[in-house]
Amino acid sequence: MTNLLQQIEENGIVAVIRGAKPENILPIARALKSGGVKTLEITVETPKVTSLIEQVVEEMGDEVIVGAGTVLDSETARATIMAGAKFVFSPTVKPETIQMAKRYGVISIPGALTPTEILTAYENGADLIKVFPANVFGPSYLKDIHGPMPQIPLMPTGGLTVDNVGDYIKTGAVAAGIGSSLVNTKKTMDEAYFKELEEKAKAFTDAVKEARK
């Protein structure tokens, strides 16, 4: 698991895939991977989410790290873990959900915003804390949190773009979660879109690499 966590941090970008249709999930995953984004979060309010996770895990294996997002309870966490999810993302701190992930040896990434929430999540066994919604306070907030709590790995999510992701990395983010500014499933899914998605993925990964120099 430590190795997977390292890979997520090295990859730098977690693509948040919300509302994908079954026929589009593999082309989306392939386009992201081609652009250098190898960590994929498939959100659980998407219909047939467990079969989507299974599809990507079976087809792409170790080429990408697939996890579940927007997990609100431990029952949902377990269902996605059984489908092959390697990590569980939550928008909130719920100890039972963290414990379920730990029970099955997968990575737990709950969402927190205040210093108290961030510490509570970490104390309950979270591997990485999703600072959400990150755009409320901006990149400097991560630096402020790391002042008294430098040991806690933070991953901002919410409102990040290719123009500001580097600022978050420079202020201490170990990785960044990117939603609709990377994957917008409301668009027409055709070859032109998948090419554009690959190029966006590359732009995000390049921005992270540049910020880490």
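Values in this document were obtained by computation on a predicted structure and should not be read as measured data. The residue numbering used here restarts from 1 in each chain and proceeds along that chain's sequence as written. For this predicted model, a pLDDT threshold of at least 70 governs which residues receive local features, and a threshold of 80 or more governs which side-chain atom pairs are given and counted, while totals over whole chains, interfaces and linings are taken from all residues. By convention in this description, side-chain values take in all heavy atoms of the structure and omit both hydrogens and water.

Participant: How should I be thinking about the packing of aromatic side chains in this particular structure?
Facilitator: Aromatic ring pairs: the centre-centre distance and the angle between the two ring planes describe each pair. Within 6.5 Å between ring centres, the rings of Phe, Tyr and Trp (the latter by its six-membered ring) count as paired, and their orientation is classed by plane angle as stacked under 30 degrees, edge-to-face over 60, tilted in between. Applying the stated criterion across every chain yields a total of three aromatic pairs. Pairing F87 with F89 gives two aromatic rings, centres 5.2 Å apart and planes at 75 degrees, and the pair type is edge-to-face. Just as F87 is buried, F89 falls in that class too. Ring centres of Y193 and F194 lie 5.8 Å apart, and the angle between their planes is 70 degrees; on these two criteria the pair is classed as edge-to-face. Across this residue pair, the class does not change: Y193 and F194 are buried. The residue whose ring lies beneath K130 is F132, and the NZ or CZ to ring-centre distance is 5.0 Å. Working definition: with a 1.4 Å probe on protein chains only, accessible area under 20% of the residue-type maximum means buried, over 50% means exposed, and in between means partly exposed. Each ring is checked for a lysine NZ or an arginine CZ that lies within 6 Å of its centre and within 35 degrees of its normal; such an atom marks a charge sitting over the ring.

Participant: Is there a simple way to explain the pairing of strand β2 (residues 39–43) in this structure?
Facilitator: Side-chain positions along a regular strand alternate between the two faces of the sheet. In this description a helix means any DSSP run of H or I spanning at least four residues, a strand means any run of E spanning at least two, and both kinds are numbered starting from the N terminus. Of all five residues in β2, five are buried, a share of seventy percent or more. Burial along β2 is two-sided: the face carrying T39, E41 and T43 and the face carrying L40 and I42 are both buried. Strands pair, by our definition, only if DSSP identifies at least two bridges between them. Note that strand β1 (residues 13–17) and β2 share four bridges and pair parallel. Within the sheet, the bridge partner assigned to I17 lies in β2 and is I42. Handedness of a crossover is defined as follows: orient the strands so they point away from the viewer, and if the path from the first strand over the helix to the second runs clockwise, the crossover is right-handed. Traced from β1 through helix α2 (residues 22–34) to β2, the parallel crossover comes out right-handed. Sheet topology places β2 next to strand β3 (residues 65–69); five bridges connect them, and they run parallel.

Geometry only, nothing functional implied.
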